[in-house]
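These are the residues of each chain, in order.
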Amino acid sequence: MTTDHQTRDQPNALRGRDLAEEYHYPRHWEADVIASDGGTVHVRPITPADADALVAMHARTSDRTRYLRFFGPYPRIPDRDLKRFTEVDYRNRVALIVTVGDDLIAVGRYDRYPDTDTAEVAFLVEDAHQGRGLGPMLLEHLAAAARENLIKRFAAEVLAENGRMVRTFIDAGYSPTRSYEEGVVRLEFPIEPTETTQAVVYSREQRSEARSLERLLTARSVAVIGASNDRTKLGYSVMRNVLDYGLDGPIYPVNPTSPHVAGVPAYRSVLDIPNDIDLALLAVPASQVKGVVEECGRKKVRGLVVISGGFGERDEHGRTEQQKLVETARTYGMRVVGPNCLGVVNTRKDVHLNATISPFVPPPGRVGFFCQSGALGVAILADAARRGLGMSTFVSAGNRADVSGNDLLQYWSTDERTEVILLHLETFGNPRKFARLTREIGRKKPIIAVKSGRHSGVKAGLQGTVAVADDIVQALFESSGVIRVETLMQSFDLAMLLAHQPLPQGNRVAVVGNSSALGVLVKDACLSNGLEITDGYPVDIGPEGSVEKFESALRTAAAAEDVDALVAVFVPPVVTDSAPYAEALARVSRDSTKPIVTTFQGMSGIPQGLQTVGPTGEVERDSVPAYETPERGVLALARAAAYYRWRQKPLGEFVDPEGIDHKAAAGVIYRVLEKEPAGRQMTDDETRDLLAAYGIHMSEDQADPLGIPVMIGLADDPSFGALISFGVSGLAIELFGDVAYRAMPLSGTDIDELIAGPRAFPLLTGYRGNKPVSLAALHDLIARVAAVSEHNPEIRSMTLDPVVASSSGVLVTRASIRVGPPVSVGPRRLAPAI
């Protein structure tokens, strides 16, 4: 947007240069990270050019902070110390700084003790930014850098009165040894990642990412930049919708030429607004976005929704401008939804935010919805509003240059208002993280996903996204409990059930209605979807059946021990008022602990007659979802029942098989990578030695023994993570691609499901009178392959094919292994802007 304010150059000019090349530090040490309060910060190695910024930060710190860090007043940094602080070798002496905008706000450093694998570590965080989790975050990144430089331990000397710093190391999951001398505590601890430290990292990541989304979704003050009185402009729709939905806070239109927009006083620039701004909605031409983002940063806006298009979805130049947009926003601590997005909605009564171009807003409810497509989002909101499907929050991320579906999963995982998560995915930004999050969240909240490109593949377009084969996507969903549906209509059908009814705790269904024809349709649909009809059902009360008879039949079914779910079908005769029947159905639902779905007089969604409305006006859980056809309601029931079974399924144990020699295996891999750091295919002898260390012994006799040949594979994709594959070798794989997949790590239960996954599995269990193979031996072999992957991240791929399975055991006749640099999970960081 053109204003009379002069837009500055790129903030933090040092960031605009290629500092990694100029000062020869590892480029991957740079990162955007979310602080514990939800704002973004930038982390990078220090350079001599940062001297002035370091002095300025030191001057802004309090006497108390300097005393705790330097054990004395230290009012100014002497030139000699300044040179030592800013000129480091990025190996034995490393310092990382944290910046926001033009300000350096924190620094952490380590110095290796000469001729040891131990380094002393220390931090300084500006007073105004303490409590944002910058110290623990710097510790994560310093430890990762130190491990690259073969440092194994950190030591720190802390004043005994500085309990906060002592807690920093303990709360990071480390167990430091302590010694005391003259009021100083010396701490020392190994920095190799452990399950405890990784759990701490994941927990902090969840809280930070959730908080960053909360800042966007609970905005109390909104600026609409590009607000317009012209009904043909996006800025008109956005401004109108924010106003009409009744935001619980001030709304500031920004327009350089109009004194008022929609009757609200307008401002020429966001910088002219006299008060703080939580959220800025950008509806300006793409060419003006860069300057507007810069002004929002200077105004200290907390988050952006960029509705404007013309970026990564258009061409290479647009992608470059999109990356610059996000980098500038993150520099100032802002998250970005979009660009080219529909916007965000929060129905919470004390927020009431409709920051979209859609006038249709669903009622308040328990469903959180994420979709990428802006155009599709308008139809989604309209359909949800028509059905009465209540939503807690809605986010259309558009080009997903910053905020992604994974961010929303982090937010919804702890959001009390969201009980069901709905995802419409076109691409995966980080499948590895998606798998980790959904495995955990799916045990608490159902996740429904529509994945586009099932048969046509992922559309070309956005960079930074991952095209994942559909069978692998399916394996990912199955292992994490994600309920995959074919269409958006099916996703809404299932969401209505999960948001308003309990889960069916079995497959037994009772059908009650006044139409025998509909009863037959329900029975056929149940049998087609793996559900059972309870003996004595369907029950038909007849077209003339009274309300009392209808309610009595429903209550009898709901109370029966051999019934897990109810389907009610009702077609009223011409002269019959259907309202009393709907009220009866709603009463039974309120009293029942079993799910009820209905096909009722052509109703769809959560119609008023079948609603239970709470004191705040929100539709409550006991409401009955209605489906236009019985088949749709039954399909939703079947998927809900399958999800319940997954939730009840034991997680299984993650136990290493016996007889594993980790040290011998590590030695084999070390000898390969010591000579060829980039990695290579292992020789036959190396492969044999590595497998033997895990109790996997190859056959000396290459002649085929009697049995069934199978294939076991391992591939560690840098984006998706490690996958184990299994199939029956030969035609089943070559012609039909009959391979099952499971994402690592594998529990015992996962291994059993992997073996049973291929369609050719009956060949292993005595098909046509053949002798069944030893499934226990197959299980043990796959467990050992999984252990190889878990313990040795240098394994890039492995194939055992053929493995001859027989009743007496398994025999590995051929194997190939490729090793390379490990794909490190690393410290917390935001994905690069795309």
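Residues numbered from 1 in each chain as written. Predicted model: local features only at pLDDT ≥ 70, side-chain atom pairs only at ≥ 80, totals over all residues. Heavy atoms only, no water.

Draft legend 1. Expanded view of the overall build of the chain. From N to C terminus, the chain includes 25 helices and 34 strands. If you line up the chain on its principal axes, its C-alpha atoms span 95 × 90 × 55 Å. By residue count, 57% of the 834 residues in the chain fall in the buried class. Contacts spanning at least 24 positions in sequence make up 72% of the contacts within the chain whose residues lie at least 6 apart. One way to put it: in the chain the 90 positive side-chain charges average out to a point 3 Å from where the 105 negative ones average out. (Helix = DSSP H or I, 4+ residues; strand = E, 2+ residues; numbered from the N terminus. Buried < 20%, exposed > 50% of the residue type's maximum accessible area, 1.4 Å probe, protein only. Contact = heavy atoms within 4.5 Å. Lys, Arg positive; Asp, Glu negative; His and termini not counted. Charge placed at Lys NZ, Arg CZ, Asp CG, Glu CD.)

Draft legend 2. Representation of the nonpolar core within the structure. In this structure, Phe-369, Phe-394 and Leu-585 are the most contacted members of the largest nonpolar core, which totals 78 residues. It is helix α20 (residues 630-648) that provides the largest number of residues to this core, a total of nine residues. Counting 56 residues, the second-largest nonpolar core is a separate cluster that includes Ala-51, Leu-82, Phe-85 and Phe-154. (Core = buried A, V, L, I, M, F, W, Y, C linked by side-chain atoms within 4.5 Å.)

Draft legend 3. Representation of a nonpolar patch on the surface in the model. Side chains of Leu-731, Leu-735 and Phe-736 sit close together on the surface and give an oily, nonpolar patch of about 370 Å² of accessible area. Relative to the assigned elements, Phe-736 resides in the loop between α23 (731-734) and β31 (740-743). With a relative accessible area of 57%, Phe-736 lands in the exposed category. (Patch = residues over 30% accessible without salt bridge, like charges linked within 9 Å, V, L, I, M, F, W, Y side chains within 5 Å. Areas by Shrake-Rupley, 256 points an atom, 1.4 Å probe, with all protein chains shown as cover. Salt bridge = Lys/Arg side-chain N within 4 Å of Asp/Glu carboxyl O.)

Draft legend 4. Up close: the sheet that holds strand β8 (residues 184-190). A sheet is described by the order of its strands in space; here eight strands give the open sequence β1-β2-β3-β4-β5-β6-β8-β7, paired in mixed fashion. In the strand order of this sheet, the two ends are held by β1 (31-34) and β7 (177-181), each with one partner. In this sheet, neighbouring strand axes are inclined to one another by 25 degrees on average, regardless of whether the strands run parallel or antiparallel. Strand direction decides the pairing type here: β7 and β8, joined by five bridges, are antiparallel. The residue of β8 that forms the bridge with Arg-178 is Leu-187. Packing of helix α4 (residues 63-70) onto the sheet brings it into contact with β4 (103-112), β5 (118-125) and β6 (153-159), and relative to β5 it is tilted by some 180 degrees. (Pairing = 2+ DSSP bridges. Axes fitted to C-alpha atoms, helices over the stretch in contact; angles between N-to-C directions.)

Draft legend 5. How the structure looks around α4. Those residues of α4 not exposed but buried are Thr-65, Arg-66 and Leu-68. For α4, the angular spread of the buried residues around the axis is 165 degrees, confining them to a single face. Buried residues along α4 sit against α3 (51-60), β5 and β6. Positive phi shows up at Phe-71, right after α4, with a value of about 65 degrees. (Arc of directions from axis to C-beta.)

Draft legend 6. Spatial organisation of the packing of aromatic side chains. Under the defined criterion, the tally for this structure stands at 17 aromatic pairs. The rings of Tyr-110, Phe-123, Phe-154, Phe-169, Tyr-174 and Phe-189 are connected pair by pair, giving a single aromatic cluster. Sitting over the ring of Tyr-202, Arg-436 keeps its end group 3.6 Å from the ring centre. Against the face of Trp-646 rests Arg-443, its NZ or CZ located 4.2 Å from the ring centre. (Phe/Tyr/Trp six-rings, centres within 6.5 Å; stacked < 30°, edge-to-face > 60°. Lys NZ or Arg CZ within 6 Å of the ring centre and 35° of its normal.)

Draft legend 7. The sheet that holds strand β15 (residues 335-337), seen in detail. Sheet architecture is open: five strands sit in the order β10-β9-β13-β14-β15, paired in parallel fashion. Edge strands, defined here as strands with exactly one partner in the open sheet, are β10 (251-254) and β15. Taking each pair of neighbouring strands and ignoring which way they run, the sheet shows an average axis angle of 20 degrees. Of the pairings in the sheet, the one linking strand β14 (residues 303-306) to β15 comprises three bridges and is parallel in character. Note that in β15 the partner of Leu-304 across the bridge is Val-336. Of the strands in this sheet, β13 (279-282), β14 and β15 are in contact with helix α8 (residues 195-217), which crosses β15 at around 60 degrees.

Draft legend 8. Molecular detail of the environment of Leu-243. Counting through the fold element by element, Leu-243 comes out in helix α9 (residues 234-245). Considering only alpha carbons, one finds Leu-243 and Thr-218, 25 residues apart in sequence, at a separation of 16 Å. Among all residues touching Leu-243, those that are not within four sequence positions of it are Ile-251, Ala-262 and Val-264.

Draft legend 9. Looking closely at unusual backbone geometry. Residue Pro-339 follows Gly-338 across a cis peptide bond; omega there is -5 degrees. Omega for the bond connecting Tyr-537 with Pro-538 falls within 30 degrees of zero, at 5 degrees, which places this linkage in the cis form. Its location among the elements puts Pro-538 in the loop between β24 (532-533) and β25 (539-540). At Tyr-74, a residue that is not glycine, the phi angle is positive and equals roughly 45 degrees. Mapped onto the fold, Tyr-74 is located in the loop between α4 and α5 (79-86). Backbone geometry at Glu-182 places phi at a positive 50 degrees, although glycine is not the residue there.

Draft legend 10. Up close: the layout of surface pockets. There is about 780 Å³ of room inside the second largest pocket. Forming the boundary of the second largest pocket are 35 residues, of which Arg-69, Phe-123, Leu-124, Asn-162 and Met-165 lie nearest the centre. Mapped by element, the contributors of at least two residues to the lining of the second largest pocket are α4, α5, β4, β5, α6 (134-148), β6 and α7 (163-171). Classifying every residue of the lining of the second largest pocket gives 17 nonpolar, eight polar and ten charged. (1 Å grid on protein atoms, 1.4 Å probe; cavity = no way out; pocket = protein on both sides within 12 Å on 5 of 7 lines; lining within 4 Å. Points joined across faces, edges and corners; volume = space filled by probe spheres on them. Nonpolar A, V, L, I, M, F, W, Y, C, P; charged D, E, K, R; others polar.)

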